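A look at the structure
Listed here are the chains, written in short residue letters.
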Amino acid sequence: MPEQDSPRLAALRAYVREAAVGLRAVGMELDRDPSAMRRWLHLPAVRIMCGCSIPPEYLAEPLRVDGFTYDMSSCLEHTVTIEELSYGDASVMLACPGPIMSGVAVAALGDDKQRDAYYRRVAGPRPVWTFFALTEPGKGSAATELETRLEPDGDGFRLTGAKRYVGNAALAEFGVVFCRRAPGPLGIEAVLVDASARGFHAEFLPTIGMRGLRISAITLDNVRVERSQVLGFDTLKPSRRGLVGAIQTLQRFRPVLTGTAVGLCRALLDHVQTRRPGLSGVDARRLAEAADRLEAVRQNNYAVARAVDAGKIRTDRIAGAKTRAAELAEHCTLLAAELLGPASLLEDPLLDKLYRDARAFEFMEGTGHIQRLAVFQGVLKGTFLEPVA
Amino acid sequence: MTAVVESVDTAAFAADLDACHDKAAPGAVVVSARGWVIASASRVDGAPAPGGWAELSFARRENPSPAAVRLAFATELVLLQRRTLAELLELAVTRLEQRTSEGANLLNRQLVRGSVADVALRLSEADDLRRLDPRARRAWLIHRDLVACGRTMVKLFGASGFVDDRPGRLVHLMELVGNTYLHPGEADA
C-alpha cells in the first residue's frame, strides 16, 4: 500500500497544488516567448520557487502553511513541491528565479560565510536567477572528466573553459561552476561565479521544448576567481570538495527532477481523460495501464526521496527512478498523441507543448545511458532489486 | 579531425515533404482525412508548424484528398522518414566516433553499439514492411516503429538531441507529419 502523506506533507501538497493552478497558460506563453517569465514574477508559484532551499531566517516571508514552516531541506517535501508545480507547468517551474540546483551545491559545500552571502543575495526582494554549470561540450555531465581549468593567478585563480546545457545561465546573476584545479578526481572544485565578471559569456540555446528553462551555453575566458569564491576552500579537505559536491547535488536533486517528470505525466493523462471521457475498450485499458505505471513510478520516487532524507543515498535507485520517469514521460506523450487522434499535435496546443517538453527529461541530470550504468552497478552489488519474500 | 556538423536543414526536409506531395498529387498538396495540409511555407499559406518552425506551414482545407491519393502519400512519407533516419544514424555514428569518455571512443561502448544496432534493426524491419502491399494501417505501423527508432537514435546525440537546430527537430517534425497524415483515426486506433 502506498504510504499516506503526513499532515505536514498533505498541507504542503494542497498549498502548492493551489499555487499551480493557472500555470498552463503561462507555460504556453513561455513556449512562444521564453523571456515572458518576467511578467509573471508576482505568482505564488514563483514565490515558492524563490524560497526553495533557503533557510527561513533569511526570508521575509518563509513558506508557512497550517502552522508548518517549509524550507525544502527535505528531499521529499522538495520533490512533492516540484511535482505539484510541474502538474501546473514544468517549464514555468524551471523558469523561476531562485536557488534551484546551485543552492543545493552551496548548502553541501559552502562554508558559513559563503552560505550566508549566497542566501542573503538570493533571498532579497529582487528576483535572482542562478545557474549550476557542470556539463561540458565534449564530456557531457561526467564530473570526473571535466576540463574547465582553474589555474593559480597571484592570490587567486583564473577560470577558463566552456559549459553547455546550463539552465537559465544567460539570464542568471551568478551560479556555481565546476572546474578542474588539478588532475584526478580530487582536483575538482566548485566556484561561485558572477555573470558580470570579465570573461564570462553566456548565450541561450534554442530547444525543442521546455523553453522556460532557457538552456544556455557558457564561455569562461580567463575569469578571475578569488579564493573566497571556491566553495569550502578554507574549511573542507580536497577530498570533500568539488566532486563530492557535484555528486551530492545531483543525487539530492534527481528525485526532484523525477518529480518534474511525474507532474508532467499526471497533467498529460488528466488531459487525455478530460478530452476523451468516453474512451473504452483497448484505448481505455492502455490509458489505465499508463496511469498504473505513473502511480508506481511516483510512489517509488517518494520512497527514494524518503531514503535521501534518512541519509541513505542509493545511487542506483535514484538513477532507476529518474530513468523510469523519463521513459514514462516519453511513453505517455506518444500514447496521448495516439489516443487524442489524427492531427492531435496540430489541433491541441497543450498536447503539442507537453509532447515537446517531455523530451527534456532524457537529457536532464544525466542521460538514460549514464543512469543505466548506475543501475548496472546496483545489480552487481545486489542493492538495486529488493528481495522478494 | 573535422568537427561533425550536427545542425540539420529543416528547409531541405520541407522540400522533401513537398516532393512527397508532388509524387502523390502532382501540382497539389495532399489533404489529410481530417482536412489538414502540411507542406513547406512556400507551398502552403498557413500557420507555422507548432513549436514555431516557420519552414513548415499547416492549414485547413475543406475536402480530404481521395483515399488512394492519401495512401500514395503515406507510402512516400514513411519512405522519407526511413531515409531521414538513416542519414541521421550516419551522423550519429560519425559523432560518436569523435567523442571519448574515460579515454575510450564512445562508439566502442557496448551499450552505445547496442543502441546503434537497435536503430539499424528497426530501419531494416521498416524496409521489409514497406515491401508488403501498401495499406493505410501498415503505413501507420511502420511510422510508429520509426518513431520508436527515431527516439532511440536521438538519444545517441546526448543533450544535443534536444537543441532546436539539431537532429531532434527533424525527428519531431516527422512525428508531427505522421500524427497528422498517417494516424488511422478512431476506427483503427
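Here the structure is a predicted model, which means the values were calculated and not measured.

This next bit is on the overall build of chain B. A tally of regular secondary structure across chain B gives five helices and five strands. Its helices and strands taken in sequence order, chain B reads α-β-β-β-α-β-β-α-α-α from the N to the C terminus. Relative to the compact-globule value of 16 Å for 189 residues, chain B shows a C-alpha radius of gyration of 17 Å, a close match. A principal-axis box enclosing the C-alpha atoms of chain B has dimensions of 60 × 35 × 25 Å. Put simply, chain B has 189 residues, and 43% of those count as buried. The long-range fraction of contacts in chain B, counting pairs at least 24 apart against all pairs at least 6 apart in sequence, stands at 67%.

Taken together, the contact pairs 33 residues of chain A with 31 residues of chain B. Taken together, the elements giving at least two residues each to the side of chain A that touches chain B come down to α9 (315-339), α10 (344-347), α11 (349-357) and α12 (368-381) of chain A. With four residues, the top contributor of residues to the side of chain A that touches chain B is α9 of chain A. Classifying every residue of the side of chain A that touches chain B gives 14 nonpolar, nine polar and 10 charged.

Let's shift gears to the domain arrangement of chain A. All names here are of chain A. Taken as a whole, chain A is organised into domain 1 (7-122), domain 2 (130-240) and domain 3 (252-381). On a C-alpha basis, the centroid separation for the pair domain 2 and domain 3 is 30 Å. If you look at the interface, domain 2 gives four residues, while domain 3 gives six residues. When the residues that make up the side of domain 2 that touches domain 3 are grouped by side-chain class, the tally is two nonpolar, two polar and no charged.

Residue and element names in this part refer to chain B. Overall, antiparallel pairing links the three strands, which are arranged β1-β3-β2 in an open sheet. Looking at the sheet topology across the chains shown, the edges are occupied by β1 (36-40) and β2 (47-49). When strand polarity is set aside, the average angle formed by the axes of neighbouring strands in this sheet is 45°. Bridge analysis of β1 against strand β3 (residues 53-60) gives five bridges, and the strand direction is antiparallel. Each residue of the ladder has a partner; that of Ile38, found in β3, is Phe58. Here helix α1 (residues 10-24) sits on the sheet in contact with β1 and β3, set at roughly 125° to β1. Most of the contacts of helix α5 (residues 167-181) go to β1, to which it runs at about 150°, and overall it touches β1, β2 and β3.

Owing to its 3.6 residues per turn, the α-helix brings residues three or four apart onto one side. Residue and element names in this part refer to chain B. Across its 15 residues, α1 extends 21 Å between first and last C-alpha, which sits within 8% of the 21 Å expected from 1.5 Å per residue. Inspection of α1 places Phe13, Ala14, Leu17, Cys20, His21 and Ala24 among the buried residues, and these make up the whole buried set. All buried residues of α1 project into a common sector of 105° when viewed along the axis, lining one side. In this structure, the buried residues of α1 make contact with β1, β3, α2 (67-98) and α5.

Quick notes on the rules
Residues numbered from 1 in each chain as written. Chains lettered and ligands numbered in written order. Predicted model: local features only at pLDDT ≥ 70, side-chain atom pairs only at ≥ 80, totals over all residues. Helix = DSSP H or I, 4+ residues; strand = E, 2+ residues; numbered from the N terminus. Rg over C-alpha atoms; globule rule 2.2 N^0.38 Å. Buried ≥ 20, exposed ≤ 12 C-beta atoms within 10 Å, placed from the backbone. Contact = placed C-beta atoms within 7 Å. Nonpolar A, V, L, I, M, F, W, Y, C, P; charged D, E, K, R; others polar. Domains from an automatic or database assignment. Pairing = 2+ DSSP bridges. Axes fitted to C-alpha atoms, helices over the stretch in contact; angles between N-to-C directions. Expected span 1.5 Å × (residues − 1). Arc of directions from axis to C-beta.

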